[in-house]
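# Residue-level structure breakdown
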Amino acid sequence: RGGVPARLSGALALPDAYDSRTARSSSGAPADVCMVASGVVPTFRPAPAMRPIALLLLLAACARPQPTPAPSTPPALAWGAGPALPAPRDHHVTFAVEAGGVRTLVVAGGMRGGMPAGSYTDEVWGSRIAADGALAAWQALAPLPEPRAGASVVVAGRSVVVTSGYTTGHRPATGTLVARVDADGALGAWTAGPALPGARFHHASVHHRGTVYVLGG
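Structural notes, computed from the coordinates. (Residues numbered from 1 in each chain as written. Predicted model: local features only at pLDDT ≥ 70, side-chain atom pairs only at ≥ 80, totals over all residues. Heavy atoms only, no water.)

## Digging into the nonpolar core
In this structure, Val93, Phe95, Val160, Val162, Leu187 and Trp190 are the most contacted members of the largest nonpolar core, which totals 17 residues. Within the residue set of this core, elements represented by two or more residues are strand S3 (93-99), strand S4 (102-108), strand S10 (159-163), strand S13 (176-181) and strand S14 (187-193). With four residues, S3 is the single largest residue contributor to this core. Counting residues in each nonpolar core, the second largest holds five residues, with Met111, Tyr120, Tyr166 and Phe201 among its members. (Core = buried A, V, L, I, M, F, W, Y, C linked by side-chain atoms within 4.5 Å. Buried < 20%, exposed > 50% of the residue type's maximum accessible area, 1.4 Å probe, protein only. Helix = DSSP H or I, 4+ residues; strand = E, 2+ residues; numbered from the N terminus.)

## Looking at a nonpolar patch on the surface
On the surface, a cluster of nonpolar side chains totalling about 270 Å² of accessible area is made up of Val206, Tyr213 and Leu215. For Val206, the position within the fold is in strand S15 (residues 204-208). Residue classification places Val206 among the partly exposed positions, given a relative accessible area of 39%. (Patch = residues over 30% accessible without salt bridge, like charges linked within 9 Å, V, L, I, M, F, W, Y side chains within 5 Å. Areas by Shrake-Rupley, 256 points an atom, 1.4 Å probe, with all protein chains shown as cover. Salt bridge = Lys/Arg side-chain N within 4 Å of Asp/Glu carboxyl O.)

## Focus: empty space enclosed by the protein
Rolled over the atoms, a probe with the dimensions of a water molecule shows which regions are left empty. Inspection of the entire model under this criterion finds one cavity of 30 Å³ or more. Empty space within the largest cavity amounts to approximately 30 Å³. Lining the largest cavity are His91, His92, Val93, Ala108, Gly109, Gly110, Leu144, Arg148, Ala149, Ala151 and Val162. The residue inventory of the lining of the largest cavity, partitioned by class, reads six nonpolar, four polar and one charged. (1 Å grid on protein atoms, 1.4 Å probe; cavity = no way out; pocket = protein on both sides within 12 Å on 5 of 7 lines; lining within 4 Å. Points joined across faces, edges and corners; volume = space filled by probe spheres on them. Nonpolar A, V, L, I, M, F, W, Y, C, P; charged D, E, K, R; others polar.)

## Structural notes on the sheet that holds strand S8 (residues 139-140)
In spatial order, the strands read S3-S4-S7-S8; together these four strands make up an open sheet with antiparallel pairing. Each edge of the sheet is formed by a strand with only one pairing partner; in this case those strands are S3 and S8. Sheet topology places S4 next to strand S7 (residues 124-129); six bridges connect them, and they run antiparallel. When the sheet's bridge partners are listed, Arg103 is paired in S7 with Ile129. (Pairing = 2+ DSSP bridges.)

## A few points about the environment of Ala204
Mapped onto the elements, Ala204 comes out in strand S15. For Ala204 and Val154, which are 50 residues apart along the polypeptide, the C-alpha to C-alpha distance reads 8.8 Å. Those residues within four positions of Ala204 in sequence are excluded, and the remaining contacts are Ser152, Tyr213, Val214 and Leu215. (Contact = heavy atoms within 4.5 Å.)

## Here we look at the pattern of salt bridges
Applying the stated criterion to the full structure yields three salt bridges. Between Arg89 and Glu123 there is a salt bridge, with the nearest N and O atoms lying 2.1 Å from each other. Pair noted here: Arg89 is in the loop between helix H1 (51-62) and S3 and Glu123 is in the loop between strand S6 (119-120) and S7, with a separation of 34 residues, a long-range link. For Glu123, a relative accessible area of 29% gives the class partly exposed. The partner of Arg112 in a salt bridge is Glu123, and the shortest N-O contact between them spans 3.9 Å. Separated by 11 residues along the polypeptide, Arg112 in strand S5 (residues 111-112) and Glu123 in the loop between S6 and S7 bring together distant segments of the chain. With relative accessibility at 37%, the residue Arg112 sits in the partly exposed group.

Structural data, given as structure tokens:
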């Protein structure tokens, strides 16, 4: 006790003194935190060359290891019912777009009633995604230029690309359909993109560094 003075000339005042024998401050409270000001050294006033070492010893004397915090457990996820689609769909594509702080989940194309007897559709529906992940009611968006089922979709920046699949009459389609996401998050009208070298069904597509790749099918 008394090893650290309340004030030294040219130094900041310490709020309390520390007793290394009891690991408590002069007020009796446990000394969990050491407050050190530049220029504060023990009262035995070591030689200037030894003052950095004295300061390190002071820190080591009152430092206490902090308990390792327990790992946090992420909240459990649970499925909940969202808004129903306007009508059943099969072999459709589903994707999400975001711009201007607006996120939208989109369902496009597919079949009414399933294969092989179902009919192909060009309908596109969108549902706004709230900040908490909840979905709004589905709204009709700009339709595809032609019905598509079993196609593949990829979002490349603010462009959405739907490739191949089957169309009305169960005919294979080689064409590519492209839509842009507006700055306010709305999905724009669809236009025709470059055709694939051959038709694909149940294939995959991915965007990587500015290139869209179509795989398998």
